[in-house]
Amino acid sequence: DAKTTQPTSMDCAEGRAANLPCNHSTISGNEYVYWYRQIHSQGPQYIIHGLKNNETNEMASLIITEDRKSSTLILPHATLRDTAVYYCIVGVRSGANNLFFGTGTRLTVIP
Amino acid sequence: GAVVSQHPSRVICKSGTSVKIECRSLDFQATTMFWYRQFPKQSLMLMATSNEGSKATYEQGVEKDKFLINHASLTLSTLTVTSAHPEDSSFYICSAQGGNDYGYTFGSGTRLTVV
């Protein structure tokens, strides 16, 4: 019951922007788009989330299309430490609802 | 920000023994916690939803008698792997809901190796 589709892997040159796409065509009106990343053998780390407006924080920017069927996570200046698996997840913010993890995108930042 | 502490970070146990993993919300109360399992090169798979003061809800295919979950307080949930076998070797991760404006905070995970 995957709710999102992401490319399996991507490479990005160090210092350049990394743009990670995600399709979520069946997203419901009350579902947010979350992005987490997982560095090897660690728990998932929160990056950013949004409902319908574009969002920016100290880690990344999130661009959500007007129809909310897809989004893009942007890491403006990728570093080697950004190498990780990035998960795009849709879910509600409250209630006893877990976050369903798809396969994610393995981002490799190349020196 | 919200912090979820998970212990131990790694454990090695003998086949047939039991192992307890703790998940604590350090600066917020978590009515609901989630337990995930992750095998090598795979994504996180939800095992169960833990609710404070009530029985956990297990996902299909997860043996509730083997993976005992206790959520006795608003800041602590435990997962006990009973009679562990080598096939239970995996990375176990907990998640707590609350404490921030995005809702979900994850622990650092526990690497269980059963020998």
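That block above? That's the structure.
Residues numbered from 1 in each chain as written. Chains lettered and ligands numbered in written order. Predicted model: local features only at pLDDT ≥ 70, side-chain atom pairs only at ≥ 80, totals over all residues. Heavy atoms only, no water.

(A) Structural view of the side chain of Gln38(A). Relative to the helices and strands, Gln38(A) is located in strand S3 (residues 32-38). Within the structure, Gln38(A) has its side chain in polar contact with the backbone oxygen of Gln42(A) (distance 2.8 Å). Those residues in contact with Gln38(A) that lie beyond four places of it in its chain are Gly43(A), Pro44(A), Ala84(A), Val85(A), Tyr87(A), Gln38(B), Leu44(B), Phe91(B) and Ile93(B). (Helix = DSSP H or I, 4+ residues; strand = E, 2+ residues; numbered from the N terminus. Polar contact = N/O pair within 3.5 Å; in protein donor to acceptor, adjacent residues only side chain to side chain. Contact = heavy atoms within 4.5 Å.)

(B) Structural context of the sheet that holds strand S8 (residues 84-91) of chain A. Residues and elements named next belong to chain A. The strand order across the open sheet built from five strands is S1-S9-S8-S3-S4, with neighbouring strands paired in mixed fashion. The outermost strands of the open sheet, each flanked by one partner alone, are strand S1 (9-13) and strand S4 (45-50). Neighbouring strand axes in the sheet, compared pairwise and without regard to direction, differ in orientation by 25° on average. Of the strand pairs in this sheet, S1 and strand S9 (residues 105-110) are connected by five bridges, and their pairing is parallel. The residue bridging Met-10 from the neighbouring strand is Leu-107, located in S9. (Pairing = 2+ DSSP bridges. Axes fitted to C-alpha atoms, helices over the stretch in contact; angles between N-to-C directions.)

(C) Just the packing of aromatic side chains, in detail. This structure, assessed with the given rule, holds twelve aromatic pairs over all chains. For the ring pair Tyr34(A) and Tyr36(A), a centre distance of 6.5 Å and an interplane angle of 35° mean the geometry is tilted. There is no split in this pair, since Tyr34(A) and Tyr36(A) are both buried. Aromatic pair Tyr87(A) and Phe101(A): ring centres 5.1 Å apart, planes at 80°, arrangement edge-to-face. Residue Tyr87(A) is found in strand S8, and its partner Phe101(A) is found in the loop between S8 and S9; the two are separated by 14 residues along the sequence. Chaining the aromatic ring pairs together yields one cluster made of Tyr32(A), Tyr34(A), Tyr36(A), Tyr46(A), Tyr87(A), Phe101(A), Phe34(B), Tyr36(B), Tyr104(B) and Phe106(B). Lying across the ring of Phe67(B), Lys66(B) places its NZ or CZ 6.0 Å from the centre. (Phe/Tyr/Trp six-rings, centres within 6.5 Å; stacked < 30°, edge-to-face > 60°. Buried < 20%, exposed > 50% of the residue type's maximum accessible area, 1.4 Å probe, protein only. Lys NZ or Arg CZ within 6 Å of the ring centre and 35° of its normal.)

(D) Fine view of the layout of surface pockets. Taken as a whole, the largest pocket spans an internal volume of roughly 510 Å³. What lines the largest pocket is a set of 22 residues, and nearest its centre among them are Val85(A), Arg106(A), Gln38(B), Lys41(B) and Gln42(B). Mapped by element, the contributors of at least two residues to the lining of the largest pocket are S8 and S9 of chain A. Split into classes, the residues belonging to the lining of the largest pocket amount to seven nonpolar, twelve polar and three charged. (1 Å grid on protein atoms, 1.4 Å probe; cavity = no way out; pocket = protein on both sides within 12 Å on 5 of 7 lines; lining within 4 Å. Points joined across faces, edges and corners; volume = space filled by probe spheres on them. Nonpolar A, V, L, I, M, F, W, Y, C, P; charged D, E, K, R; others polar.)

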